[in-house]
Amino acid sequence: MNTVNTIAQKIGENLSTVLYSLDKLIRIDLVQKKKCITEEKNRKKVQYVLKNHMFKFWYAFIPNATSVIEMGQGNLYYDRIVRPNLHAFMGSVFEDMCRYYTLEQGIQGAFGNFITNVGTWWGMETLKSASGKYQQSADIDIVGISDIDKTVVLGECKFKNEKTDKCVFDILLRRSAAVNSKYRVIKYLFFSLSGYTE
């Protein structure tokens, strides 16, 4: 999670300096202040992410390779470092594409409602085990909200080289109960790079 506290700890700066810098980066459209879609007024549920995928790619791969690239060995660096990690990098890009698709289709009424906002949800879910109840962190990749009729579509994105199984549906169904109860779930969406099991 890229919270203000996490960023401040990683770079060794105080919170006011980090907030000032983040504000400047948001103004020039490099960083996005991401809020949990069903709890947008909750100041604790805010993350900061690079908005542009080109910058995400740059900061993920290039700073560690400037010497190699300057020596004309960029192709070698790509083959050894970038290509093996490119699939993992593309997971967040795939999720953004799926959210965009959900909003586009939702505006056109493809899900039986008029979606006005799409984002993500994260929080804690309560589970049961043989030794009792426990909590763990959870997220939902796609939450498409219609504030007009208080309905929602929920979705999961799997950018993996294996087929998506029914357990993904079961987890999404369970987590749907954690999403704010003022919305009624009308559709579950699944996006899978490799298709689905029977």
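Before reading further, recall that the structure is shown in the block above.
Note that the structure is a prediction, hence the values are computed from the model and not measured.

The rules behind these values
- Each chain carries its own residue numbering, running from 1 in the written order of its sequence.
- The predicted origin of the model limits local features to residues at a pLDDT of at least 70 and limits the giving and counting of side-chain atom pairs to 80 or more, whereas totals for whole chains, interfaces and linings rest on all residues.
- Computation of side-chain values covers all heavy atoms of the structure but excludes hydrogens and water.
- Per the convention used, a helix needs a DSSP run of H or I reaching at least four residues, while a strand needs a run of E reaching at least two, with both numbered from the N terminus.
- Contacts were defined at the residue level, with two residues in contact if any of their heavy atoms lie within 4.5 Å.
- Each helix should span, by expectation, one fewer than its residue count multiplied by 1.5 Å.
- Each polar contact in these results corresponds to two N or O atoms within 3.5 Å; when the atoms are within protein, one needs to be able to donate a hydrogen and the other to accept it, and residues that are neighboring in sequence are counted only if both atoms are side-chain atoms.
- The rule is simple: take the accessible area with a 1.4 Å probe, protein chains only, and divide by the maximum for that residue type; under 20% is buried, over 50% is exposed, in between is partly exposed.
- Pairing between two strands requires that DSSP report at least two bridges joining them.
- Simply put, an axis is a line fit to the C-alpha atoms, just over the touching stretch for a helix, and the angle between two N-to-C directions goes from 0 to 180 degrees.

1. With respect to the side chain of Thr 120
Thought 1: Mapped onto the elements of the fold, Thr 120 is located in strand β3 (residues 117-129).
Thought 2: Once residues within four sequence positions are removed from consideration, Thr 120 is found in contact with Lys 34, Lys 35, Cys 36, Ile 37, Arg 99, Ile 140, Asp 141 and Val 143.

2. What about helix α2 (residues 15-27)?
Thought 1: Counted at 1.5 Å a residue, the expected span for α2 with its 13 residues is 18 Å, and the 18 Å between its end C-alpha atoms agrees.
Thought 2: The first or second residue beyond α2 is Asp 29, which carries a positive phi of 70 degrees.

3. Examining the side chain of Thr 151
Thought 1: Inspection of the secondary structure assignment puts Thr 151 in strand β5 (residues 151-158).
Thought 2: Within the structure, Thr 151 has its side chain in polar contact with the side chain of Asp 149 (distance 2.6 Å).
Thought 3: For Thr 151, the contacting residues outside a window of four places in its chain are Asn 113, Gly 144, Ile 145, Ser 146, Tyr 183, Arg 184 and Ile 186.

4. Looking at the environment of Val 179
Thought 1: You can see Val 179 is positioned in the loop between α6 (166-176) and β6 (184-192).
Thought 2: For Val 179, a relative accessible area of 6% gives the class buried.
Thought 3: Spatially, the C-alpha atoms of Val 179 and Val 143 are 9.1 Å apart, while their sequence positions differ by 36 residues.
Thought 4: Apart from the residues lying within four places of it in its own chain, the contact partners of Val 179 are Thr 38, Trp 121, Ile 140 and Leu 154.

5. Concerning the sheet that holds β5
Thought 1: Strand order in the open sheet formed by four strands is β3-β4-β5-β6, and the pairing between neighbours is mixed. In the strand order of this sheet, the two ends are held by β3 and β6, each with one partner. Each strand axis lies, on average, 35 degrees off the axis of its neighbour in the sheet, ignoring direction.
Thought 2: Of the strand pairs in this sheet, strand β4 (residues 132-146) and β5 are connected by five bridges, and their pairing is antiparallel. Residue pairing in the sheet places Ile 145 in a bridge with Val 152 of β5.
Thought 3: The sheet contacts of α6 involve β3, β4, β5 and β6, and relative to β6 the element is tilted by about 150 degrees.

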